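Residues per chain, in single letters:
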Amino acid sequence: AAATARKYEGKVSLIELFNETNFTRVTDGAGYSEMLKTVYPAIKNANSACDVIAGVLSFADRVYAEEILKVGGANYMDAFSFHPYTYPLSPETADLTLAITRMRELFTKYTSKDISFYLTEIGWTAADNSYGVSEEKKAEYHIRALSEMDALDYVKAYCIYETHSGLNVYSL
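Residues numbered from 1 in each chain as written. Predicted model: local features only at pLDDT ≥ 70, side-chain atom pairs only at ≥ 80, totals over all residues. Heavy atoms only, no water.

**Concerning the nonpolar core**
Leu-17, Phe-80, Ile-100 and Phe-117 are the most contacted members of the largest nonpolar core, which totals 43 residues. Those residues in contact with Phe-80, other than ones at most four positions away along the chain, are Ile-53, Ala-54, Gly-55, Leu-57, Ala-65, Ile-68, Met-103, Phe-107, Ile-115, Ser-116, Phe-117 and Tyr-118. (Core = buried A, V, L, I, M, F, W, Y, C linked by side-chain atoms within 4.5 Å. Buried < 20%, exposed > 50% of the residue type's maximum accessible area, 1.4 Å probe, protein only. Contact = heavy atoms within 4.5 Å.)

**Describing unusual backbone geometry**
With an omega of -5 degrees, the peptide bond running from Tyr-87 to Pro-88 counts as cis. In the Ramachandran plot, Glu-20 falls in the positive-phi region, its phi being about 55 degrees despite a non-glycine side chain. Take Glu-20: it is sitting in the loop between strand S1 (14-16) and helix H2 (21-24). Look at Glu-20 and you get buried, because its relative accessible area is 14%. (Helix = DSSP H or I, 4+ residues; strand = E, 2+ residues; numbered from the N terminus.)

**Focus on the pattern of salt bridges**
Counted under the stated rule, the structure contains eight salt bridges. Linking Lys-44 and Asp-78 is a salt bridge whose minimum nitrogen-to-oxygen distance equals 3.0 Å. You can see Lys-44 sitting in helix H3 (residues 29-46) and its partner Asp-78 sitting in the loop between helix H4 (62-70) and strand S3 (79-83), a full 34 residues away along the chain. Across this residue pair, the class does not change: Lys-44 and Asp-78 are buried. Salt bridges linked by common partners bring Glu-92, Lys-137, Glu-140 and Arg-144 together as one network. (Salt bridge = Lys/Arg side-chain N within 4 Å of Asp/Glu carboxyl O.)

**Re H4**
Turning to H4, its buried residues number three or more, namely Tyr-64, Ala-65, Ile-68 and Leu-69. Angularly, the buried residues of H4 cover 140 degrees about the axis, an arc narrow enough to put them on a single face. More than 90 degrees from the buried face of H4, the exposed residues found are Val-63 and Lys-70. Residues of H4 that are buried sit in contact with H2, H3, strand S2 (51-58), S3 and helix H6 (96-110). The distance from a side-chain oxygen at the start of H4 to the backbone nitrogen of Val-63 is 3.2 Å, and the residue carrying that oxygen is Asp-61. Looking one or two residues past H4, Gly-72 carries a phi angle of roughly 85 degrees, positive in sign. (Arc of directions from axis to C-beta. Polar contact = N/O pair within 3.5 Å; in protein donor to acceptor, adjacent residues only side chain to side chain.)

**Things to note about the packing of H6 against helix H7 (residues 135-150)**
Working note: a packed helix pair is described by the angle between its axes plus the distance between those axes. Viewed as axis vectors pointing N to C, H6 and H7 meet at an angle of 35 degrees, and their least axial separation amounts to 10 Å. For the pair H6 and H7, the crossing hand works out as right-handed. The residues of H7 that touch H6, namely those facing Leu-96, Thr-97 and Ile-100, are Ala-145, Glu-148 and Met-149. For the contact of H6 with H7, the per-class residue count stands at four nonpolar, one polar and one charged. (Axes fitted to C-alpha atoms, helices over the stretch in contact; angles between N-to-C directions. Left-handed = near helix turned anticlockwise from the far one by under 90°. Nonpolar A, V, L, I, M, F, W, Y, C, P; charged D, E, K, R; others polar.)

**Side note on the side chain of Ser-116**
Note on placement: Ser-116 falls in strand S4 (residues 116-122). When residues no more than four places from it in sequence are discounted, the contact partners of Ser-116 are Asp-78, Ala-79, Phe-80, Tyr-154 and Lys-156.

**Remarks on the environment of Asp-61**
Along the polypeptide, Asp-61 turns up in the loop between S2 and H4. As for Asp-61 and Glu-20, which are separated by 41 residues in sequence, their C-alpha atoms are 10 Å apart. Filtering out sequence-adjacent residues up to four positions away, Asp-61 remains in contact with Asn-22 and Met-103.

Written out as structure tokens, the structure is:
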């Protein structure tokens, strides 16, 4: 991680650590925090201008996030990421804003540090299956979700996850 931060100094200002460890269960939140305690200072020593995005959770998994926070993980991150998918439900039906607000409440319970949120994967699948919606509905959902997120000053990024499937099965 330090070598990457050093190599891309001046070119990269954010480093996201791992992807969906709560889904793969490579480790629990406490183990993830232990990794942060080592990796965060190494990145900062290599490139102090680089912000570290931690968490990177599958869905808005507050249980795993709390495992990270209970052992002081917030001290070893500049921002927090999760993937608040709601497919095939609309942002309003799934109460996307409530899910994000509840995650924020969890952070304020465990730390006074101002941690920004990066929603580094979100999307709806455009497919003719139980997970899917039409392309038009997908676009509508993104516009409405973006509008909701724009009202939350601590959400710094909304990244649409987009893949394509030639079989018209699961794709975002």
